[in-house]
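Reading the structure
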Amino acid sequence: MGLFKVMFVHQLFRPLYFQKTIRLVSSTPKINSSRLAEVGKLKEPKIRGKYDIGQLFLHRIFGYRGVVLFPWSARVYDRDLPNVLPEVEERDGTEYPEGKTSTFYQVLIDSRDCPYIRAQTEAVTFLGNQDSNRSLYAIPGLDYVSHEDILPYSSGEKAPLHHELFDKFLSHSAERDPPFEAQETLRAWQKKNHPWLELSDVHRETSEGIRVTVIPFYMGCRETPAASVYWWRYCIRLENLGELSVQLRERHWRIFSLSGTLETVRGRGVVGQEPVLSRRLPAFQYSSHVSLQAPSGHMWGTFRLEREDGHSFDCRIPPFSLESKPDDNTTPSEPA
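Structure report, in brief. Residue numbering note: each chain is counted from 1, following its sequence as written. The predicted nature of this model means local features are confined to residues of pLDDT at least 70 and side-chain atom pairs, given and counted, to a pLDDT of 80 or more, with totals for whole chains, interfaces and linings taken over all residues. Based on all heavy atoms of the structure, the side-chain values leave hydrogens and waters out of the count.

**Quick look at the overall build of the chain**
Put simply, the rule reads: The helix count covers DSSP runs of H or I at least four residues long, the strand count covers runs of E at least two residues long, and both are numbered beginning at the N terminus. Classification of residues uses two cut-offs on accessible area relative to the type maximum, computed with a 1.4 Å probe and protein chains only: under 20% is buried, over 50% is exposed, and between them is partly exposed.
Each helix and strand in the chain was counted, giving 2 helices and 22 strands. The burial tally for the chain puts 50% of its 336 residues in the buried class.

**Regarding the pattern of salt bridges**
Stated precisely, the cut-off is as follows: Put simply, a salt bridge is a Lys or Arg side-chain nitrogen that is within 4 Å of an Asp or Glu carboxyl oxygen.
Applying the stated criterion across every chain yields a total of 20 salt bridges. R279 is the salt-bridge partner of E243, the closest N and O atoms lying 3.1 Å from each other. Separated by 36 residues along the polypeptide, E243 in the loop between β16 (228–240) and β17 (246–257) and R279 in the loop between β19 (276–277) and β20 (283–292) bring together distant segments of the chain. Classification of E243 as exposed rests on a relative accessible area of 54%. In this structure, R249 and E306 form a salt bridge, with 3.2 Å as the shortest nitrogen-oxygen distance. Taken together, the residues R249 in strand β17 and E306 in strand β21 (residues 296–307) connect sequence positions 57 residues apart. Residue R249 is classed as partly exposed on the basis of its relative accessible area, which comes to 24%. Given the relative accessible area of 30%, E306 is considered partly exposed.

**Here's the deal with helix α2 (residues 184–197)**
Heads up, the rule is: Bend, in this description, refers to the angle at a residue between axes fitted to the seven residues ending there and the seven starting there.
Along α2, the sharpest kink reaches roughly 45 degrees, centred on K191 and followed within four residues by the proline P195. Where α2 is concerned, the buried positions are L186, W189, N193, W196 and L197.

**Observations regarding the packing of aromatic side chains**
So the rule is basically this: Centres within 6.5 Å are what make two rings of Phe, Tyr or Trp a pair, Trp counting through its six-membered ring; a difference in plane orientation under 30 degrees is then read as stacked, over 60 as edge-to-face, and the rest as tilted. For a Lys NZ or an Arg CZ to count as sitting over a ring, it must be within 6 Å of the ring centre and within 35 degrees of the ring normal.
Summed over all chains, the structure comprises 13 aromatic pairs. With a centroid separation of 6.4 Å and 50 degrees between ring planes, the pair formed by F70 and W189 is classed as tilted. In this pair, F70 sits in strand β6 (residues 65–78) while W189 sits in helix α2, placing the two residues 119 residues apart along the sequence. Judged by its relative accessible area of 2%, F70 falls in the buried class. The exposure class of W189 is buried, given its relative accessible area of 17%. Taken together, the ring pairs connect F70, W72, F169 and W189 into an aromatic cluster. A cation over a ring is seen here: R233 above F217, with NZ or CZ 4.1 Å from the ring centre.

**What to know about the environment of G242**
Locating G242 in the fold gives a position in the loop between β16 and β17. Put simply, G242 and P282 are 40 residues apart on the chain and 8.9 Å apart in space, counted from C-alpha to C-alpha.

**A word on the nonpolar core**
Which entries qualify depends on this criterion: Residues grouped as a nonpolar core are buried Ala, Val, Leu, Ile, Met, Phe, Trp, Tyr and Cys residues, joined through side-chain atoms within 4.5 Å. Here, residues are in contact when the closest pair of their heavy atoms is within 4.5 Å.
Grouped together as the largest cluster of nonpolar side chains are 32 residues, with contacts concentrated most on L69, W189, L197 and L199. For this core, the element with the highest residue contribution is β6, accounting for 6 residues. If sequence neighbours within four positions are ignored, L199 has contacts with W72, S73, A74, F104, Y144, I215 and F217. Core analysis: the second largest hydrophobic core is formed by 30 residues, W232, V246, I255 and V270 among them.

**A few points about the pairing of strand β5 (residues 56–59)**
Our working definition: Pairs of strands are assigned from DSSP output, requiring at least two bridges between the strands.
Here β5 shows two buried faces, one formed by L56 and L58 and the other by F57 and H59. Where β5 lies against β6, 3 bridges are found, and the strand directions are antiparallel. The residue of β6 that forms the bridge with F57 is G66.

In short, geometric facts, not functional conclusions.
This is the structure we're talking about:
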């Protein structure tokens, strides 16, 4: 499989691979020096079955080190598959292709890698009860990773991952493979926060060589004297599958509520950025929030992108439904 190096270069954490030993080359913007250190050995990726709790891995796209907490089964609605994509119309409803069940994992991200990856590391949010108030909770260093994005590796260290929850959730067990097992605190945390962590639907679509993946999550309901406001977060990954670099310039959303309203949102970039997707840095991931005064609705839209040759085009965002759940849990911002 060749030597697998993981390089830190200022804002970049990117894997370069060959051989079975993983080494880490680290450099910082403040100190112009680098250090090579072995972090583990690659394992064969699983073609069948699921990865176990405690499995260490490198993210295939973003390159960060992580550890598997537990799996989710999700329905993947892929509009790139043959005969499943009806044209998306700007109307108050849309059809969906047939979903295929796939495995995704709840994972912790190594805190040493967070400054170098092109993905938000506080993307998991939910509304919780505290002293009879609705409060917005953000869980740092938590992500969702598809089975195919995991590159598993082993390490001889008892604490190979730096994250404040690692020792609280996992304990070292030399007899196991991987040598980490779930503590009761992890099981209790998973059970308590299950409604806000659960991943159930994933939507994908590719247009003009740009693949957009959307994962929506229900966050909870906030009651006010005037109305009930329902909140969702959605995580979006953009991947450039082509040869030429592109830059995201604008977003255009349509948001339909079961109450009968249709809202249009336009703006520059996403989350205050206009990321460039190049061959060297092909992907960018972010999350945002949306609220409705109804328990369900759906969203769809486009990203306006500009290619390095000057050509501008619209990349479709696959339509996805916003569905609430019986329980509830506080407030964020308009779509970004």
